[in-house]
Amino acid sequence: MSKFVIQGPQELAGEIAVAGAKNAALAAIPAAFLCGGITTLTNVPRIRDVETMLEIVQKLGANVKKDGHTVTIDPSSTVSHHITPELSGKARSSIMLVGPLLLAFGEVTIGHPGGCIIGRRPIDQFLEGFRALGVKVEDTDEGYKFSASNLKGATYFFPFVSVTATETLMMTAARIAGVTILKNAACEPEVKDLAQYLNRCGAKIEGAGTNTIYIEGVNKLSAGKWEMIPDRLETGMFAVLSAATRSRLRVTNCNPEHVESLLTIFDRMGINYAKGNDWILIEPSKKAYKSPGKVITHEYPGFATDLQPPLTVLLTQAEGLTLVHETIFEGRLFYVDLLNRMGASIILCDPHRALVQGPTNLRGKKIESPDIRAGIAMVIAGLIASGETTLDNIYQIERGYENLDARLAALGAKIERVS
Ligand code: EPZ
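Every value quoted in this text rests on a predicted model; they were computed, and no experiment measured them.

*Asks:* Looking at this structure, I do not really get the overall build of the protein. What am I missing?
*Replies:* In terms of regular secondary structure, the protein is built from 14 helices and 25 strands. Relative to a compact globule of 419 residues, whose C-alpha radius of gyration would be 22 Å, the protein shows 22 Å and is just as compact. For the protein, the C-alpha atoms occupy an extent of roughly 65 × 45 × 40 Å along the three principal directions. Relative to its 419 residues, the protein shows a buried fraction of 59%. For the protein, the accessible surface area stands at approximately 15,800 Å², while carbon and sulfur atoms represent 50% of it.

Here it is in structure tokens:
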């Protein structure tokens, strides 16, 4: 297994361009199966989660071509509508293929989808939503069987917000006769961008990006070209990394509006920054960062749960006591034990709440990367800790961040990838 060896503390300098959004690409790949013709995706991050989804659709028979950050998908050669447990176990986002394949084949079987260790990741919302659209859902030994018995538009109220369930039901309803209204829908930028693309292909979707989405089904969509939006989670992570290492970094090719909730936390911490329409410049200062008091993760536009681990590392450098309240996942705070091993002073009150006392000096350690976002948090910790940090299991980090060591080394980071 490969690992990162990081020397700290290390101030960085320069400019970092943000990659295309992982979670936009993971929704765009299933959307290709809704449309006739060849879909061209650009600004696609070449990261493991995306490669895994492309592998899955190739195994189903679709023709996939990759050329750098451009991916074309021709679903016309798709022959299988059975997503084996081996495939679905690799990527939770495989569940997003169910709707499009159901429309194409009338029937889909899938093993129970896998996912991060950040929580149970159930799919009950998908199952209930599909049933509301007239899909017959049956349990099988390996997972589920979906049959298109009498698909029809319907109104579905999400009991709680789910990003990929919103994307899946929205893209499925786009090709089901009748009107579908999705209530208490996710408002993430990736949902809005998916709707805008589908509308360019001939769909009739209104309200995406708000919590009520109106969809009038059409029976044909024509594939087109779709550029992935900047990854707001990379944007936020690099901004946090810049502040944590007290570096002057310019984060480019980004959309500052998508990380407004983080920037309001920076304001409360006394972190200086400037921003334009596609860049953020973090201005380091020697003055102590103040604790923002309380940080609560929330669906968009609230503070993103995927930015909680990186921010918590920054909070170990802020003066005062901060309550971090992770409201979305029940397994996304356990990495704080690793930070405590490095010298942080964090009390894990329960699976959802941690108290961070700062500032504390961090020391380099040998640690593991538990999941994508906790993994990148440990990279940031290694860059501010004194001494050497060895980070194992960087497969997790490479699921979400392209070419990370080379990109950080170009900013002056002492980070080495060791097989
Ligand atoms: C998406 O996951 C993202 N993944 C996640 O990013 C992100 O953390 C999450 O949204 C929240 O913003 C993609 O877009 C591919 P949810 P998703 O359904 O859709 C519960 C990353 O690191 N729930 O919004 O799977 C669920 O357990 C990943 O990039 C059900 O109970 O998340 C969670 O507690 C991690 N039943 C809450 O809802 C369901 O059927 C929100 O999950 C679905 C979800």
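*Asks:* What should I look at first to understand empty space enclosed by the protein in this one?
*Replies:* Here the idea is plain: a probe the size of a water molecule rolls over the atoms and shows the empty space left. A complete count under the given rule lists one cavity of 30 Å³ or more for this structure. In this structure, the largest cavity spans a volume of roughly 40 Å³. Forming the boundary of the largest cavity are Arg232, Leu233, His258, Val259, Ser261, Tyr300, Gly302, Ala304 and Leu307.

*Asks:* It is not clear to me how the packing of helix 8 (residues 232-244) against helix 12 (residues 372-384) should be interpreted in this structure. Could you clarify?
*Replies:* Helix 12 packs onto helix 8 with a crossing angle of 20° between their chain directions and a minimal axis gap of 10 Å. In this view, helix 8 runs roughly parallel relative to helix 12, as classed from their interaxial angle. As for how helix 8 packs across helix 12, the hand of that crossing is right-handed. Contact residues: helix 8 offers Leu233, Met237, Val240, Leu241 and Ala244, while helix 12 offers Arg373, Ile376, Ile380, Leu383 and Ile384. Of the residues in the contact of helix 8 with helix 12, the class split is nine nonpolar, no polar and one charged.

*Asks:* Where do I start with the site of the ligand in this structure?
*Replies:* By nearness alone, 22 residues border the ligand, and Ser162, Thr164, Asp306, Ile328 and Arg373 come closest of all. Take Asp306: an N or O atom from its side chain is 2.6 Å from an oxygen atom of the ligand. Taking Ile328, its main chain carries an N or O atom lying 2.6 Å from an oxygen atom of the ligand. Here the ligand loses 90% of its free accessible area of 830 Å² to cover by the protein chains. More than half of the atoms of the ligand fall within 2 Å of the grid points belonging to the largest pocket. Residue assignment for the shell around the ligand shows that the elements contributing at least two residues are helix 1 (22-31), helix 5 (124-132) and helix 6 (163-173). Here the residues of the shell around the ligand sort into 10 nonpolar, five polar and seven charged.

*Asks:* Is there a simple way to think about the sheet that holds strand 10 (residues 155-157) in this case?
*Replies:* For sheets, the rule is that strands pair by backbone hydrogen bonds, running either parallel or antiparallel. Here we have four strands laid out as an open sheet, ordered 10-11-13-12, and mixed in their pairing. Each edge of the open sheet is held by one strand with a lone partner, namely strand 10 and strand 12 (204-206). The mean angle between the axes of side-by-side strands here comes to 15°, regardless of whether they run parallel or antiparallel.

*Asks:* When you look at the environment of Lys183 in this model, what are you seeing that I'm missing?
*Replies:* In this structure, Lys183 sits in strand 11 (residues 179-183). Owing to a relative accessible area of 34%, Lys183 belongs among the partly exposed residues under this scheme. Remark: the alpha-carbon pair of Lys183 and Thr212, spanning 29 residues in sequence, is separated by 4.6 Å. Here Lys183 is in contact with Thr155, Tyr156, Phe157, Phe158, Asn211 and Thr212, once residues within four sequence places are set aside.

*Asks:* Please clarify how the packing of aromatic side chains should be interpreted in this entry.
*Replies:* Each pair of aromatic rings is reported with the distance of its centres and the angle of its planes. All chains considered together, the criterion is met by five aromatic pairs. On the basis of an interplanar angle of 65° and a centroid distance of 5.4 Å, the ring pair of Phe130 and Phe146 is categorised as edge-to-face. Taken together, the residues Phe130 in helix 5 and Phe146 in strand 9 (residues 143-148) connect sequence positions 16 residues apart. With respect to class, Phe130 is no different from Phe146; both count as buried. Here the aromatic rings of Tyr197 and Trp226 are separated by 4.3 Å at their centres, their planes lie at 10°, and the arrangement is stacked. Linking Tyr197 in helix 7 (residues 189-200) with Trp226 in strand 14 (residues 225-227), this pair joins segments that are 29 residues apart in sequence. For Tyr197, a relative accessible area of 1% corresponds to the buried category. By relative accessible area, Trp226 is classed as buried at 2%.

*Asks:* Can you help me understand the nonpolar core in this one?
*Replies:* Within soluble globular proteins, side chains that are nonpolar tend to cluster in buried spots. Counting 74 residues, the largest nonpolar core has Phe146, Met170, Leu198 and Ile205 as its most contacted members. Here the element with the most residues in this core is helix 1; it accounts for seven residues. Beyond its immediate sequence surroundings of up to four residues, Phe146 is in contact with Val98, Leu102, Gly106, Glu107, Val108, Ile110, Leu127, Phe130, Val135, Lys136 and Val137. Judged by nonpolar contacts, the second largest core, of 68 residues, contains Met269, Ala304, Leu338 and Ala344.

*Asks:* When you look at the environment of Gly178 in this model, what are you seeing that I'm missing?
*Replies:* Inspection of the secondary structure puts Gly178 in the loop between helix 6 and strand 11. Sequence-wise, Gly178 and Lys152 are 26 residues apart; in three dimensions their C-alpha atoms are separated by 6.0 Å. If we ignore the near neighbours within four places in the chain, the residues touching Gly178 are Gly153, Ile215, Glu216 and Gly217.

*Asks:* Explanation requested: the pattern of salt bridges in the structure shown.
*Replies:* Under the counting rule described, the total for this entry stands at 17 salt bridges. One salt bridge connects Glu138 with Lys136, and the closest N-O pair in it is separated by 3.9 Å. In this structure, the salt-bridge partner of Arg332 is Asp306, at a minimum N-O distance of 2.6 Å. With a gap of 26 residues between them, Arg332 in the loop between strand 20 (318-325) and helix 11 (336-341) and Asp306 in the loop between strand 19 (294-296) and helix 10 (308-315) connect regions that are remote in the sequence. Owing to a relative accessible area of 4%, Arg332 belongs among the buried residues under this scheme.

Rules behind the numbers
Residues numbered from 1 in each chain as written. Predicted model: local features only at pLDDT ≥ 70, side-chain atom pairs only at ≥ 80, totals over all residues. Heavy atoms only, no water. Helix = DSSP H or I, 4+ residues; strand = E, 2+ residues; numbered from the N terminus. Rg over C-alpha atoms; globule rule 2.2 N^0.38 Å. Buried < 20%, exposed > 50% of the residue type's maximum accessible area, 1.4 Å probe, protein only. Areas by Shrake-Rupley, 256 points an atom, 1.4 Å probe, with all protein chains shown as cover. 1 Å grid on protein atoms, 1.4 Å probe; cavity = no way out; pocket = protein on both sides within 12 Å on 5 of 7 lines; lining within 4 Å. Points joined across faces, edges and corners; volume = space filled by probe spheres on them. Axes fitted to C-alpha atoms, helices over the stretch in contact; angles between N-to-C directions. Parallel < 35°, antiparallel > 145°, perpendicular 65-115°, else oblique. Left-handed = near helix turned anticlockwise from the far one by under 90°. Contact = heavy atoms within 4.5 Å. Nonpolar A, V, L, I, M, F, W, Y, C, P; charged D, E, K, R; others polar. Near = heavy atom within 4 Å. Polar contact = N/O pair within 3.5 Å; in protein donor to acceptor, adjacent residues only side chain to side chain. Sits in = over half its atoms within 2 Å of the grid points. Pairing = 2+ DSSP bridges. Phe/Tyr/Trp six-rings, centres within 6.5 Å; stacked < 30°, edge-to-face > 60°. Core = buried A, V, L, I, M, F, W, Y, C linked by side-chain atoms within 4.5 Å. Salt bridge = Lys/Arg side-chain N within 4 Å of Asp/Glu carboxyl O.

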